[in-house]
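Spelled out from the first residue to the last, the chains are:
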Amino acid sequence: MKTRNLSILLITALMLFVTFSASAQLPNETDAQKAERMKWWTDARFGMFIHWGLYALPARHEWVKNIERMTNEQYQKYFETFNPDMYDPHEWAKMAKAAGMKYVVLTAKHHEGFCLFDSKFTDYKATNTPYGKDLIKEYVEAFRAEGLKVGFYYSLIDWHHPDYTIDSNHPLRQQSDSAYARLNKGRDMSKYREYLKNQVTELLTNYGEISIIWFDFSFPGKNGKGRKDWDSENLLKLARSLQPGIIVDDRLDLSDVPGGFDFISPEQYKVAKWPEINGKRVAWETCQTFSGSWGYYRDETSWKSSAQLIELLVESVSKGGNLLLNVGPTARGVFDYRAQDRLGSMGEWMKYNNRSVYGCTEAPAGLIAPDNTLLTYNPVTNRLYIHLLAYPMGSLVLKGMAEKVKYIQFLHDASEIKFSRGHEGNTGDLELTLPVLKPHSEIPVLEVYLK
Ligand code: GLC
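All values reported here derive from a predicted model rather than from experimental measurement. (Residues numbered from 1 in each chain as written. Predicted model: local features only at pLDDT ≥ 70, side-chain atom pairs only at ≥ 80, totals over all residues. Heavy atoms only, no water.)

### Digging into the nonpolar core
- Ranked by internal contacts, the top residues of the largest apolar core, which has 92 residues, are Trp52, Phe143, Phe152 and Phe215.
- Each of domain 1 (2–354) and domain 2 (373–450) accounts for three or more of the residues forming this core.
- Ile386, Tyr391, Leu398 and Leu432 belong to the second largest nonpolar core, which has 22 residues in total. (Core = buried A, V, L, I, M, F, W, Y, C linked by side-chain atoms within 4.5 Å. Buried < 20%, exposed > 50% of the residue type's maximum accessible area, 1.4 Å probe, protein only. Domains from an automatic or database assignment.)

Here it is, written out as structure tokens:
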């Protein structure tokens, strides 16, 4: 009897161990499977980020509650006033599509904790503001109708939830351990973890196919938060189980866990080269603002020019990456005129030049970019794209390309570019004859048919 009991105990223990270790694994994919799952995204290259929340009302940074160290009570006036009467996501979606963007990621909840969706697990949501409706439902439908893939940004950080402990990034951050202890008495992160899972379940169940989720962000260390605080592995497993194809960012603090992220997300800077982890190139996307802050910031004057933004996009593709370009709509629910202007110019450029972006990547090793140009390459069509950032005077030399080129044209109007072999006695080079007058295009592109 005793041995039988013991073996039952052992078997149960073994089963528990197997179940536990299996559940501790994230789904395993080969590199090829992962590349296939992410193919639409790598081909797309260009998406729209949208940061929208109560912070659109103060209109001075989405971190305003933190920067000005506001309490929930002080911040409440924005909740009570929020009424974006001009909100029409169909218009947003049309502008994104016209700009050439193929996917979109909207803040369902940002650090302030306010939910744009009708969550069962909080009262702090759009449906309880004067606006009174679920903003996410309309958003999802509108962007899908324009053929864009739809994603959510969901803040791990929450400056409103009563169980979220005060940390070094909180509006109520403190100086001493004892002050933290005093304020955090009674706050229970395990309840907050449940809240995260419940809300992620809602977002990934109630709105149809969701193609991307951005969890933001971890800051492990003293008075910080990381994977244990969010229960990151299980949160990610939950997301993947509800939306099997979903593409996930790298801010859950799971960088060393296999399957812990899909792409890396350099924020507001240009990478020097295609980023690698352990010697292997990784999928990447840079997220960038028009003017510095993510939420609508009325008085910001540091807006990037259209040429800079187009260059940012091309430059990302030239290193094998994507660009997620952010708009911060106003509290009326519209895109600010400067955002509309920049999106319009990008769209004008993309209309004629998107072949150098979609499906493109870094040029094959050994191809030398002439000065002041950026190269992209489409491996399927075997065409090389030369982006002329500073328009040259009448000619351009392609070093070492004499044997490699079949035909060259301007991309925007498919007009032939003549070329001849050799330059200054160097027969390996090609010399292109360009019109002296810069074509009517912010950044003219040469389309090179390779042999
Ligand atoms: C940072 C900021 C945040 C913004 C995000 C976009 O994490 O906290 O305001 O949403 O970057 O990548």
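### Let's talk about the domain arrangement of the protein
- Under the domain assignment used here, the protein contains domain 1 (2–354) and domain 2 (373–450).
- Here domain 1 and domain 2 have C-alpha centroids that lie 40 Å from each other.
- If you look at the interface, domain 1 gives 11 residues, while domain 2 gives 11 residues.
- It is Val314, Trp349 and Asn353 in domain 1 that bury the most area against domain 2; as a group they hold 43% of the surface buried on that side.
- In this assembly, domain 1 and domain 2 are joined by zero salt bridges.
- Taken together, domain 1 and domain 2 are joined by one residue pair in polar contact (both at pLDDT 80 or more).
- Elements represented by at least two residues in the side of domain 1 that touches domain 2 include exactly helix H12 (306–318) and helix H13 (337–353).
- Ranked by the residues each element gives to the side of domain 1 that touches domain 2, the list is headed by H12, at eight residues.
- Looking at the side of domain 1 that touches domain 2 residue by residue, the classes come out as six nonpolar, three polar and two charged. (Contact = heavy atoms within 4.5 Å. Buried area = accessible area lost by both parts, 1.4 Å probe. Salt bridge = Lys/Arg side-chain N within 4 Å of Asp/Glu carboxyl O. Polar contact = N/O pair within 3.5 Å; in protein donor to acceptor, adjacent residues only side chain to side chain. Helix = DSSP H or I, 4+ residues; strand = E, 2+ residues; numbered from the N terminus. Nonpolar A, V, L, I, M, F, W, Y, C, P; charged D, E, K, R; others polar.)

### Here we look at the packing of aromatic side chains
- If you walk through the whole model with that rule in mind, you get 30 aromatic pairs.
- Centre to centre, the rings of Trp63 and Trp159 are 5.1 Å apart; their planes meet at 75°, and the pair counts as edge-to-face. Pair noted here: Trp63 is in the loop between strand S1 (46–50) and helix H4 (64–67) and Trp159 is in the loop between strand S3 (149–155) and helix H8 (177–184), with a separation of 96 residues, a long-range link. A single burial state applies to Trp63 and to Trp159, both of which are buried.
- Taking 6.3 Å as the distance between ring centres and 20° as the angle between the ring planes, the aromatic pair formed by Tyr164 and Trp230 counts as stacked. Of this pair, Tyr164 sits in the loop between S3 and H8 while Trp230 sits in helix H10 (residues 227–230), placing them 66 residues apart in sequence.
- We classify Tyr164 as buried; its relative accessible area is 0%.
- With a relative accessible area of 0%, Trp230 lands in the buried category. (Phe/Tyr/Trp six-rings, centres within 6.5 Å; stacked < 30°, edge-to-face > 60°.)

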